[in-house]
Amino acid sequence: MSMVIKEALSTEGDENTPYAALIVKQDRVIVCVHNETEKQLDPTNHAEINAIRCACQLLKTTDLSDCILFATCEPCPMCFGAAWGRILRKSSMERPLMMQLNSNPK
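Before going into details, it helps to say that this report is about the structure given with it. (Residues numbered from 1 in each chain as written. Predicted model: local features only at pLDDT ≥ 70, side-chain atom pairs only at ≥ 80, totals over all residues. Heavy atoms only, no water.)

## Some thoughts on the sheet that holds strand S2 (residues 28-34)
Here is step 1 of the chain: Here three strands make up an open sheet; going across it, the order is S2-S1-S3 and the pairing antiparallel. One side of each edge strand has no neighbouring strand; the edge strands of this open sheet are S2 and strand S3 (67-71). Shown here is a sheet whose adjacent strand axes are inclined to one another by a mean of 15°, direction ignored.
Here is step 2 of the chain: Here five bridges tie strand S1 (residues 20-25) to S3, and the two strands are oriented antiparallel to one another. Bridge pairing in S3 places Val24 opposite Ile68. (Pairing = 2+ DSSP bridges. Helix = DSSP H or I, 4+ residues; strand = E, 2+ residues; numbered from the N terminus. Axes fitted to C-alpha atoms, helices over the stretch in contact; angles between N-to-C directions.)

## Things to note about the pattern of salt bridges
Here is step 1 of the chain: Summed over all chains, the structure comprises two salt bridges.
Here is step 2 of the chain: Here Lys25 ties to Asp66 by a salt bridge, and the two come within 3.3 Å at their closest N and O atoms. Within this pair, whereas Lys25 is found in strand S1, its partner Asp66 is found in the loop between helix H2 (47-59) and S3, the two being separated by 41 residues in sequence.
Here is step 3 of the chain: In this structure, Asp42 and Arg53 form a salt bridge, with 3.9 Å as the shortest nitrogen-oxygen distance. Note that Asp42 is positioned in the loop between S2 and H2 and Arg53 in helix H2, a separation of eleven residues in sequence. (Salt bridge = Lys/Arg side-chain N within 4 Å of Asp/Glu carboxyl O.)

## Some details on a nonpolar patch on the surface
Here is step 1 of the chain: Together, Met1, Ile5, Leu9, Ile68 and Phe70 make up an exposed nonpolar region whose accessible area comes to about 460 Å².
Here is step 2 of the chain: Listing elements by their share of the nonpolar patch, those giving two or more residues are helix H1 (2-9) and S3.
Here is step 3 of the chain: Within the fold, Leu9 resides in helix H1. (Patch = residues over 30% accessible without salt bridge, like charges linked within 9 Å, V, L, I, M, F, W, Y side chains within 5 Å. Areas by Shrake-Rupley, 256 points an atom, 1.4 Å probe, with all protein chains shown as cover.)

## With respect to the nonpolar core
Within soluble globular proteins, side chains that are nonpolar generally end up buried alongside one another.
Here is step 1 of the chain: In terms of nonpolar packing, the biggest core is built from 14 residues, with Ile23, Val31, Ala51, Ile52, Ala55, Leu64 and Ile87 touching the most fellow members.
Here is step 2 of the chain: If you list the elements that add at least two residues to this core, you get S1, S2, H2 and helix H3 (77-88).
Here is step 3 of the chain: No other element matches H2, which puts five residues into this core.
Here is step 4 of the chain: Ignoring anything within four residues of it in the chain, the contact list for Val31 reads Ala21, Leu22, Ile23, Ala51, Cys54, Ala55 and Leu58. (Core = buried A, V, L, I, M, F, W, Y, C linked by side-chain atoms within 4.5 Å. Buried < 20%, exposed > 50% of the residue type's maximum accessible area, 1.4 Å probe, protein only. Contact = heavy atoms within 4.5 Å.)

Below, the structure written as structure tokens:
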């Protein structure tokens, strides 16, 4: 987590909010990026989306089910949906706590 926090703090001074995400595969960091919504003038370029896009390009696949996504804050609905579609839904691992909490509405 310290790596992703440092990445978020590296945005200090630019127009983007300090959010970052990283993706790990087999205990190896694949990408560690921050959001670039203002820099790219793209409101969908959140840290989690940016990390998923970069990891897919680097790994040359859209199947990230054997990866883990870390983020500096709770994902928005768009980012959660992207993570669920690329990482969580296809994963054979036990569902993470985030999914368990969201699947039990009160």
